[in-house]
Amino acid sequence: MPTNRINYSDKINALLNEMPDFVSDFIYNFGRVENYATKLEYCRDIKIYLEYLINFLPQYSEKSIKELTINDVASVEILDINRFLTTLSGNHKESTVKRKRASLSSMYGFFVATGKMPRNPIAATKTIKIPEKDVIYLTNDEQRILLDTVRHGTKLHESVAKVHYIYADRDSAMFLLLLDTGLRVSEMLETDIIDYNLDDCSVVVTRKGGDTQIVYFSDECRDYLDIYFSSQKAKYGINNLKFPAFTTSTGNRLGVRAVEILVKKYVSVCLPEKARIISPHKLRSSFAMSFYAASNNNILLLKKKMNHKSIQTTNIYAKASDTAMKDSRSLLQGLR
């Protein structure tokens, strides 16, 4: 088991030891959630909820968290859950409150589905509406500028440009893959060389939530990956291709934080006005906006590409594209 999973598992078990056994039943049996970070968030959210029950509801005030039963949790009134959500709203962002509500809904839904609870009270509680935010992304022209800097070191400070050749193959393959597929950075970094099939331009990735999926990339991206992987095989004498696809200069698997720093480094020199707002995740948004336009607004195909569970999540890119269409209505005015 990878070190990060071991760390998550230890934290999860520590929290579960503080809670009733029925919480463990949910955490380790609910659906197909294999992402340990998600399981940890579920544990934290449920513990906060159980703490609320014993601290604010008189009928549970004589109990500890460990003494709460599944029947206790099943009998909580809708009004009490709404009060809990209102209390959270005073201390957390709406997106955080929405996530915690979703965690509780998943727990209640699991026990309803397994016949251990008669109802899911969360279903009748107030929903949390989050104001829509503008999609932040790089246009096709901005993506070209970024890739030029990544490939050739354009505009990099002289001292950095001198050693750019060491990382150019890796960074070119990595940035193009992100902009070509919309992969999450964590999904990309978990891949090994053996996961890539350069003959049919595909890679097997473990998606958020634990699903495995074949993702396809362009011929151009394949060529950059081929150059980078060939140099890696030569450098490390790799025979077993179960070797991290993207590594540090010492051969260790690259981390998410390292990619965040790389994005900031390149964007700050070639698109300084975007340096504050562009992160690795915004490269995923950039892919989505470009793909949506290039695919003649095929939102269902984009949903598959982005591996979204709900079309509503994908729809933010359609709405952003519609706004761009409206904002550009007078673009040609005065040119003829």
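Let me sum up the structure you'll find in this document. (Residues numbered from 1 in each chain as written. Predicted model: local features only at pLDDT ≥ 70, side-chain atom pairs only at ≥ 80, totals over all residues. Heavy atoms only, no water.)

A few points about a nonpolar patch on the surface
Point 1. A surface patch of nonpolar side chains, amounting to about 310 Å² of accessible area, comprises Val163, Tyr165 and Ile166.
Point 2. Among the secondary structure elements, Ile166 is positioned in helix α9 (residues 164–181).
Point 3. Using a relative accessible area of 43% as the deciding quantity, one classes Ile166 as partly exposed. (Patch = residues over 30% accessible without salt bridge, like charges linked within 9 Å, V, L, I, M, F, W, Y side chains within 5 Å. Areas by Shrake-Rupley, 256 points an atom, 1.4 Å probe, with all protein chains shown as cover. Salt bridge = Lys/Arg side-chain N within 4 Å of Asp/Glu carboxyl O. Helix = DSSP H or I, 4+ residues; strand = E, 2+ residues; numbered from the N terminus. Buried < 20%, exposed > 50% of the residue type's maximum accessible area, 1.4 Å probe, protein only.)

Points about the pattern of salt bridges
Point 1. For the structure on display, the rule yields 20 salt bridges.
Point 2. A salt bridge links Glu187 to Arg207; the shortest N-O distance between them is 2.8 Å. Of this pair, Glu187 sits in helix α10 (residues 185–189) while Arg207 is found in the loop between β2 (202–206) and β3 (212–216), placing the two residues 20 residues apart along the sequence. Comparing Glu187 with Arg207, the two get one shared label, buried.
Point 3. A salt bridge links Asp211 to Lys309; the nearest nitrogen and oxygen atoms lie 3.0 Å apart. Of the two residues, Asp211 sits in the loop between β2 and β3 while Lys309 sits in the loop between α14 (299–306) and α15 (311–327), which places them 98 residues apart along the sequence.
Point 4. Taken together, the shared-partner salt bridges in this structure form one network comprising Glu41, Arg44, Asp45, Arg99 and Lys100.

Considerations on unusual backbone geometry
Point 1. Positioned with a positive phi, Lys155 is a non-glycine residue whose angle comes to about 75 degrees.
Point 2. Position of Lys155 among the secondary structure elements: in the loop between α7 (140–152) and α8 (158–161).
Point 3. Located in the positive-phi region is Asn296, a residue other than glycine, with phi close to 60 degrees.
Point 4. You can see Asn296 is positioned in the loop between α13 (280–294) and α14.
Point 5. Residue Asn296 is classed as exposed on the basis of its relative accessible area of 68%.

What about the pairing of β2?
Remark: a regular strand shows side chains that alternate across the two faces of the sheet.
Point 1. Relative to β2, strand β1 (residues 196–197) runs antiparallel, the two being bridged by two bridges. Bridge assignment links Asn197 to a residue of β2, and that residue is Ser202.
Point 2. In this antiparallel pair of consecutive strands, β1 and β2, the connection spans four residues, and Cys201 shows a positive phi of 55 degrees.
Point 3. Sheet analysis places β2 next to β3, joined by five bridges and oriented antiparallel. Residue pairing for β3: Thr206 is matched across the bridge by Thr212. (Pairing = 2+ DSSP bridges.)

Some points on the packing of aromatic side chains
Point 1. The full count for this structure, using the stated rule, is 16 aromatic pairs.
Point 2. With 6.3 Å between their ring centres and 45 degrees between their planes, Tyr196 and Phe217 make a pair best called tilted. Taken together, the residues span a long stretch of sequence, with Tyr196 in strand β1 and Phe217 in the loop between β3 and α11 (219–236) at a distance of 21 residues. For the pair shown, Tyr196 and Phe217 are each scored as buried.
Point 3. Aromatic pair Tyr228 and Phe229: ring centres 5.8 Å apart, planes at 45 degrees, arrangement tilted. For the pair formed by Tyr228 and Phe229, the shared burial category is buried.
Point 4. Linked through ring pairs, Phe22, Phe26, Tyr42, Phe110 and Phe111 together constitute an aromatic cluster. (Phe/Tyr/Trp six-rings, centres within 6.5 Å; stacked < 30°, edge-to-face > 60°.)

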